[in-house]
Structures are given as C-alpha cells and as structure tokens.
Amino acid sequence: MQGEKKVFINLLSFLIILIIFIIIILNYIVKSRCIYVYDMFIIILIVFFCFIGLFFTIGIFAVVFTIYKKKTNELLNTFITYTVDMSYPILLIIGKIIGIKREKLQRSFIEINNLLVSSIKKKYKPKDILILSPHCIQNSDCKFKVTYDIENCRRCGKCQINDLLRLKDKYGVKIAVATGGTLARKVVSDIKPKIIIAIACERDLTSGIKDVKKIPVYGIINKRPNGPCFNTSFDVKSLEKVIIKFISGG
Ligand code: SF4
C-alpha cells in the first residue's frame, strides 16, 4: 500500500474489527437473555452495527480497488466519500488512544481524497482550475499586498508567489491567495471554479476538503521550515504536474 493511505486503511480495518467485536458481544447478550427487557433495543443496535460494519468494509475494498486500478466510478466514489466522512471523527479518537498523531491521520485523509480527485478522468479548462494558496507563502518582509490581487507581486523571486504567477502565465489557471477560511470561501464563491488545487497545512486542507463538498479539492501539503504560518513553501513540481493532469484529463 502506497504512502500515508495505509494509516487510514489500517485504522478503518481496526474499527471494523471493533464493530464485529461489539456485534458478537451484543449477540451474546441477546442469546444469554441476561437483560431480557432490552432485547429489542439490542437487536436494533446489532442491525445498526452490521449495517455500519458492512458499509465500511465495502468502503475499504473501494479504496483498495481504486488504489490498485488507479481508476474509479461514481458508485465507488460515493462509498469511499461516505466511509471517509463517517469514520473520520471516530478514527481521530481511536488514533489518539493508540498514539497516532492527528497530523499523520490528516495526511492519510488528504492522500485518499487526492486519490479520488485524481481518479476522475476529466479534462478541465484552465480557467476552471483555481489554485488556492495560503498567505504565509509570501515572504514576510514583502510590502506588496497580494491577497486581493496576486498581480501586485513584483516577481522578485524571494518567495513562491513568483512561481504561482509563472504557472498562471504558462497555463492560464486562476490563482488566489487567501488569509483564512472565510476569504477562501469568498474566493471560491466569486470565481466558481470546477476544480480546486489547494496548498495548505494538514489541518487547513482537511477542514477545507470537508467544507467544500460540491467542488473536488486536490490538496498539496505545504512545507514549513520556519514553523507554522511563516515563510512557508510548496513543491512547485508537484503542483505543475497536477495542473497538467487536470488540463489533459490524464
Ligand atoms: S515574489 Fe512577489 S510576493 Fe514574493 S517577495 Fe517578491 S514581490 Fe513579494
């Protein structure tokens, strides 16, 4: 299994085992008739856990199938999306109990999301692609305000706003630099892109991907050599590769 995806898959498998264990215990309680009055309630619980367990199991198979086949369809996507959405809060708790860092699980979530978004074999017009970048990519000493208009950048090359502008010129994609979630949401509602490539930290990407349900969001995790939210950077080659992929539909 590639990359960080296995963290999510392993935790989800653990959750399914836990659900099976709960079903066995509930079943035992009903059969042993030790709490007779609540039989009906327990049977409803068993049915509920069976349904959830089956759903997650199909979800896992859908993820593994998509990883190996590198393609997906709407039905598999639906299973994966609902599985990830429903299990994510529980996996965070399980992760915390067994000592898996939140950031690691978020990276895994982003990788699975990216897998789904890249499996959509669809060509996008450059004008429908929005690259959403955080403000902390700008050099902290720069006095030019690029948040409302990235063209205010003087392209001195001291930060990667310069790279974003180069990609904008080369491919004709839209670029926006946002200071936070509210501005990012406003940009998305103004520009109305068909697909978003977002650059951010694990936490912001996870919440952004979960927030924007109707538009596919491909996440690129930023680099933070100077600590969080300060003079950050990103892998420009990865970004360019993703842009080419979405334009060519490959
Ligand atoms: S590349 Fe643009 S945004 Fe970055 S420091 Fe230079 S002028 Fe400022």
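Coordinates for the structure precede this section.
Below you will find a few notes about this structure. If you're wondering where the values come from, they're calculated on a predicted model, not measured in any experiment. (Residues numbered from 1 in each chain as written. Predicted model: local features only at pLDDT ≥ 70, side-chain atom pairs only at ≥ 80, totals over all residues. Heavy atoms only, no water.)

Notes on the overall build of the chain
Then comes step 1: For the chain, the count of helices and strands is eight helices and four strands.
Then comes step 2: Secondary structure elements of the chain occur, N-terminal to C-terminal, as α-α-α-α-β-α-β-α-β-α-β-α.
Then comes step 3: Along the first, second and third principal axes, the C-alpha set of the chain runs to 75 × 35 × 30 Å.
Then comes step 4: Out of the 250 residues belonging to the chain, those deemed buried represent 45%.
Then comes step 5: The contacts in the chain between residues at least 6 apart in sequence include a share of 69% that link residues at least 24 apart.
Then comes step 6: Within the chain, one finds 39 positive and 18 negative side-chain charges whose respective centroids are separated by 4 Å. (Helix = DSSP H or I, 4+ residues; strand = E, 2+ residues; numbered from the N terminus. Buried < 20%, exposed > 50% of the residue type's maximum accessible area, 1.4 Å probe, protein only. Contact = heavy atoms within 4.5 Å. Lys, Arg positive; Asp, Glu negative; His and termini not counted. Charge placed at Lys NZ, Arg CZ, Asp CG, Glu CD.)

Re the side chain of Asn222
Then comes step 1: Examined against the element boundaries, Asn222 turns out to sit in the loop between strand E4 (217–221) and helix H8 (236–248).
Then comes step 2: In terms of polar contacts, Asn222 uses its side chain to reach the side chain of Arg224, at 2.8 Å.
Then comes step 3: With near-sequence residues (within four places) excluded, Asn222 lies in contact with Pro134, Cys136, Ile199, Ala200, Cys201, Thr232 and Ser233. (Polar contact = N/O pair within 3.5 Å; in protein donor to acceptor, adjacent residues only side chain to side chain.)

Honestly, that's just the spatial picture; any functional story needs more than this.
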